[in-house]
Amino acid sequence: MIGVYDSGSGGLTVLRALRHALPQVDFVYFGDHAFAPYGEKDLGNLYDRGCHSVDFLFRQGCSLVVVACNTSAATVLRPIQQNWLAERHPDKRVLGVFVPLIEQITGVAWSQKKPRPAPRKTVAVFATARTVSCNALGEEVFRRARGVHLVPQSCPALAAAIEDDACPDVLDSLVATYVRRLQQQCRDNLDEVVLGCTHYPLVSEMFRRHLAANTVVLSQPDIVAHSLENYIRRNTTLGLVSEGKGELTCFTSGDPRRAHRAARRFLGQELSFEQAA
Ligand code: DGL
């Protein structure tokens, strides 16, 4: 079984792509709605919530957990892997969503740390304030592909507004504001845009409407799904491909009815959530 963890409903975009790519695998989803948004939490808090949430998914029987939340992946995933996981669950795996994204943006495999002469391009990344301020994405991209000009744009209120079930006009006006701010800081032609927070693909149509028509919007959920599919096919000892029936169980630390409503509104899916202890 594979666990998928996010601060709230945003990770459902990643879950949907993973289930599509791996229809025979069983999944367990955990949305930490009671503690969302994560976008401005301090690192200690993100680390504790990460360990707690991954541990919860391991206790449901998952042997591998995908940390779908970009904010956690950018800030605390590495210490979680190197300290907590190595000590407490050395037989299990925790993966994030950054490595496949960086490989996609740079065209350079993760293991290749020396910069390559990659084509010059400008890539904008919409993300939470914490993801932008820690600059992990910028550093890793720069290390591999000096020709990529990465322009981060934080969207501090957007994930919270999505979780709070804000009306479409409010969401649209927030998206318009952040796109305008990006355009003010970036006069170059944009080649690609990344919605670098799991919540933003839930309103991807609004981003597309406010961005120039020829801007390519990369789908992080699809990129992650493609990469995970390769990973588990290469790591056959995990037994994940053959063991499941495509079942799904969803948990939330918050209100199961609210989580159900968000899944219906943003994804058109009827998912029933159980309260996580
Ligand atoms: N969904 C998370 C991310 O991908 C964080 C959103 C939030 O809770 O602020 O960054």
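The preceding data block contains the structure.
On a predicted model such as this, the values are computed, not experimentally measured, just so you know.

Participant: Help me understand the environment of Phe30 in this model?
Facilitator: Structurally, Phe30 can be placed in strand 2 (residues 27-31). The spatial distance from the C-alpha of Phe30 to the C-alpha of Gly8 is 7.9 Å, given a sequence separation of 22 residues. Those residues in contact with Phe30 that sit more than four places away from it in its chain are Val4, Tyr5, Asp6, Ser53, Phe56, Leu57, Phe251, Thr252, Ser253 and Ala276.

Participant: When you look at the site of the ligand in this model, what are you seeing that I'm missing?
Facilitator: Near the ligand lie 13 residues; those nearest to it are Ser7, Tyr38, Gly39, Thr71 and Thr198. Gly39 places a polar main-chain atom, nitrogen or oxygen, 2.8 Å from an oxygen atom of the ligand. One of the backbone N or O atoms of Asn70 is found 2.9 Å from an oxygen atom in the ligand. Against a free-state accessible area of 300 Å², the protein chains account for coverage of 99% of the ligand. Looking at the shell around the ligand residue by residue, the classes come out as five nonpolar, seven polar and one charged.

Participant: For this particular structure, what's the right way to read the nonpolar core?
Facilitator: The nonpolar side chains of a soluble globular protein tend to be buried with one another. One finds Ile2, Phe126, Leu158 and Phe207 to be the most contacted residues of the largest nonpolar core, which totals 98 residues. The contacts of Leu158, once residues within four sequence positions are left out, are Leu171, Leu174, Val175, Tyr178, Tyr200, Val203 and Phe207.

Participant: Just checking my understanding: could you explain helix 2 (residues 43-59) for this structure?
Facilitator: Because an α-helix packs 3.6 residues into every turn, residues spaced three or four apart end up facing the same way. If you check helix 2, its first and last C-alpha atoms are 24 Å apart, about what 17 residues at 1.5 Å a residue would give, namely 24 Å. Within helix 2 the residues assigned to the buried category are Leu46, Arg49, Gly50, Cys51, Ser53, Val54, Asp55, Phe56, Leu57 and Phe58. Capping of helix 2 at its N-terminal end is provided by Asp42; its side-chain oxygen lies 3.2 Å from the backbone amide nitrogen of Gly44. Just downstream of helix 2, Gly61 is the residue with a positive phi angle, here 110°.

Participant: Please clarify how the sheet that holds strand 2 should be interpreted in this entry.
Facilitator: Consider a sheet: its strands pair through backbone hydrogen bonds, and that pairing is either parallel or antiparallel. Strand order across the open sheet formed by six strands is 4-3-1-2-9-10, with parallel pairing between neighbours. Two strands close off the open sheet at either side, each with one partner strand: strand 4 (93-95) and strand 10 (273-275). Each neighbouring strand pair of the sheet contributes to a mean axis angle of 25°, computed without reference to strand direction. As defined by bridge partners, strand 1 (residues 2-6) adjoins strand 2 across five bridges and the pair is classed as parallel. When the sheet's bridge partners are listed, Val4 is paired in strand 2 with Tyr29. Packing against the sheet, helix 4 (residues 77-88) makes contact with strand 3 (64-67) and strand 4, and its axis sits at approximately 170° to strand 4.

Participant: Can you help me understand the packing of helix 5 (residues 98-106) against helix 11 (residues 220-234) in this one?
Facilitator: To characterise two packed helices, one gives the angle between the axes of the helices and the distance between these axes. Contact geometry of helix 5 with helix 11 gives a least axis separation of 9 Å together with a crossing angle of 105°. In terms of their interaxial angle, helix 5 and helix 11 are classed as roughly perpendicular. Facing helix 5, whose interface residues are Pro100, Leu101 and Gln104, helix 11 presents Gln220, Ile223, Val224 and Ser227. Classifying every residue of the contact of helix 5 with helix 11 by side-chain character gives four nonpolar, three polar and no charged.

Parameters and conventions
- The written sequence of each chain sets the order in which its residues are numbered from 1.
- Note on the predicted model: pLDDT of at least 70 is required for a residue's local features to be given, and 80 or more for side-chain atom pairs to be given and counted; whole-chain, interface and lining totals, by contrast, use all residues.
- Where side-chain values are given, they derive from all heavy atoms of the structure, hydrogens and water being excluded.
- By definition, any uninterrupted DSSP run of H or I lasting at least four residues is a helix, any uninterrupted run of E lasting at least two residues is a strand, and each is numbered from the N terminus.
- Residue contacts are counted whenever heavy atoms from the two residues lie within 4.5 Å of one another.
- Nearness is defined per residue: one heavy atom within 4 Å of the molecule or strand is enough.
- Each polar contact in these results corresponds to two N or O atoms within 3.5 Å; when the atoms are within protein, one needs to be able to donate a hydrogen and the other to accept it, and residues that are neighboring in sequence are counted only if both atoms are side-chain atoms.
- The Shrake-Rupley method, run with a 1.4 Å probe sphere, supplies the accessible areas, and residue values consider only the shown protein chains as cover.
- Amino acid classes used here: Ala, Val, Leu, Ile, Met, Phe, Trp, Tyr, Cys and Pro are nonpolar; Asp, Glu, Lys and Arg are charged; the rest, including Gly, are polar.
- Residue types Ala, Val, Leu, Ile, Met, Phe, Trp, Tyr and Cys, when buried and joined through side-chain atoms within 4.5 Å, form a set referred to as a nonpolar core.
- Here's how the labels work: a residue is buried when its accessible area is under 20% of the maximum for its type, exposed when over 50%, partly exposed in between, all with a 1.4 Å probe on protein chains only.
- A helix is expected to span 1.5 Å multiplied by its residue count minus one.
- We treat two strands as partners when DSSP finds at least two bridges between them.
- The convention used is that axes are lines fitted to C-alpha atoms, helices contributing only their stretch in contact, and that angles between N-to-C directions extend from 0 to 180 degrees.
- For classification, angles of less than 35 degrees are called roughly parallel, those exceeding 145 degrees roughly antiparallel, those between 65 and 115 degrees roughly perpendicular, and all remaining angles oblique.

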